[in-house]
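Now for the letters of each chain:
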Amino acid sequence: MSFALLRSHSRPALAVIERQVRALSSTLAISDTSAPSAAAKTIVKNNNNYLKKGQQTFVSTSVRKYSKKTAAPERAYNSDSDSDSDDERDNTPRQRQRKERGNSEFWRRKMRTLHGVLDVNKDGVISYDDFMLLTEKFASLGHLDAKAKNEFRDIMRTTWEQQWGEITPYNLVTVEQYLTEMHHVVNDKDLKKKVHRFLPYLYKAVDKDRSGSISLNEFKLFFRCLGLTEENAAVSFAVIDKNGDGQITLDEFVKLGKDFFVSEKETHVSRMFWGPLVDH
């Protein structure tokens, strides 16, 4: 505002001074009979000095104001540019694909393998009946007490309802539906934490002696409950028993089961957790 006032009041004054200087200069120029008086020279000198001072003030003020206006946008642009660059790096298709799980054919093979295991009656789809049949197999062949059996049934029922919806004979999960759903699960932070919550009950069911670790014989029981052979169990146990002590603790068991869902490394030992992988 101060700059606007200065400009509005100074321009008329400068115009008057300029006219006075020109008029006085003309008078002095055409007066060739006598030299200009000292007073006239003083007036011209003072007016010229004032004029120059006013112009300098104008130029200096304008430059400072312009500099202040342009400096801030330049800083904002640099900051925004850095932010945009980071966003672009995070949002490129390559970065999104790198962060997203479940895009490899190997991972899809694992999920198709597990779909076949969960399809207990082998009709090509997973149903709530399959979940209950699997639960009963572990309850009858395994070593769960009455309380653990009921907890296991509740967990499997809740898992079905949260993941697949209502319990009806018509709610059937095909292989492709299972792949799509599991892809969503492993890429959702909250769902991924729940994907393995039923595994401790499988472990307890086969830990016959309640020692807190399962041996090869107990692991064979685990595979028998899944409808797999003892030969498959022996091969898988040899792979997942990394330290070769002949025992798998609960923590190791749960971690291996969880890694099966989220890992895409073809050399990861968890690949054998649910038995040999299907070919396609």
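Residues numbered from 1 in each chain as written. Predicted model: local features only at pLDDT ≥ 70, side-chain atom pairs only at ≥ 80, totals over all residues. Heavy atoms only, no water.

Quick word on the layout of surface pockets
Here is step 1 of the chain: Approximately 330 Å³ is the volume attributed to the largest pocket.
Here is step 2 of the chain: Every residue lining the largest pocket is counted, 20 residues in all, and those nearest its centre are Thr159, Gln163, Met182, Lys194 and Val195.
Here is step 3 of the chain: Taken together, the elements giving at least two residues each to the lining of the largest pocket come down to α4 (105-118), α5 (128-141), α6 (146-164), α7 (175-186) and α8 (189-194).
Here is step 4 of the chain: Sorting elements by how many residues they give to the lining of the largest pocket places α6 first, with five residues.
Here is step 5 of the chain: Its residues assigned to classes, the lining of the largest pocket comprises 14 nonpolar, three polar and three charged.
Here is step 6 of the chain: Here the second largest pocket is characterised by a volume of approximately 180 Å³. (1 Å grid on protein atoms, 1.4 Å probe; cavity = no way out; pocket = protein on both sides within 12 Å on 5 of 7 lines; lining within 4 Å. Points joined across faces, edges and corners; volume = space filled by probe spheres on them. Helix = DSSP H or I, 4+ residues; strand = E, 2+ residues; numbered from the N terminus. Nonpolar A, V, L, I, M, F, W, Y, C, P; charged D, E, K, R; others polar.)

Topic: the UniProt feature "domain: EF-hand" (unreviewed entry) in the protein
Here is step 1 of the chain: Mapped onto this numbering, the UniProt entry gives "domain: EF-hand" (unreviewed entry) at residues 228-263.
Here is step 2 of the chain: The straight-line gap between the two end C-alpha atoms of residues 228-263 is 23 Å; of that span, 67% is helix and 6% is strand. (UniProt positions renumbered as here; feature names shortened; annotations may be inferred.)

Section: α4
Here is step 1 of the chain: Relative to the 20 Å expected for 14 residues at 1.5 Å per residue, α4 spans 20 Å between its end C-alpha atoms, a close match to the ideal helical length.
Here is step 2 of the chain: Most of α4 sits out of view: ten of its 14 residues are buried.
Here is step 3 of the chain: Among all positions in α4, only Phe106, Trp107, Lys110, Met111, Arg112, Thr113, Leu114, His115, Val117 and Leu118 are buried.
Here is step 4 of the chain: Buried positions along α4 lie against α5, α7 and α12 (250-262). (Expected span 1.5 Å × (residues − 1). Buried < 20%, exposed > 50% of the residue type's maximum accessible area, 1.4 Å probe, protein only. Contact = heavy atoms within 4.5 Å.)

Observations regarding the nonpolar core
Here is step 1 of the chain: Membership of the largest hydrophobic core comes to 56 residues, with the highest contact counts inside it found for Phe138, Tyr178, Phe222 and Trp274.
Here is step 2 of the chain: With residues near it in sequence (within four places) discarded, Tyr178 still touches Met111, Leu114, His115, Leu118, Ile126, Trp164, Val173 and Phe261. (Core = buried A, V, L, I, M, F, W, Y, C linked by side-chain atoms within 4.5 Å.)

Examining the packing of aromatic side chains
Here is step 1 of the chain: Evaluation of the coordinates by the stated rule reveals 19 aromatic pairs.
Here is step 2 of the chain: What links up through ring pairs into an aromatic cluster is the set Phe138, Phe152, Phe198, Tyr201, Tyr203, Phe219, Phe222, Phe223, Phe237, Phe253, Phe273 and Trp274.
Here is step 3 of the chain: Over the face of the ring belonging to Phe260 we find Lys110, whose NZ or CZ atom lies 5.1 Å from the ring centre.
Here is step 4 of the chain: A cation sits over an aromatic face here: Lys204 above Tyr201, 5.5 Å from the ring centre. (Phe/Tyr/Trp six-rings, centres within 6.5 Å; stacked < 30°, edge-to-face > 60°. Lys NZ or Arg CZ within 6 Å of the ring centre and 35° of its normal.)

Comments concerning unusual backbone geometry
Here is step 1 of the chain: Of note in the backbone geometry, Lys122 takes a positive phi value of approximately 55° without being a glycine.
Here is step 2 of the chain: Looking at the secondary structure, you find Lys122 in the loop between α4 and α5.
Here is step 3 of the chain: We classify Lys122 as exposed; its relative accessible area is 55%.
Here is step 4 of the chain: Phi at Arg210 is positive, roughly 55°, even though this residue is not glycine.
Here is step 5 of the chain: Topologically, Arg210 is positioned in the loop between α9 (199-206) and β1 (213-214).
Here is step 6 of the chain: On the basis of relative accessibility, which here comes to 48%, the residue Arg210 falls in the partly exposed class.

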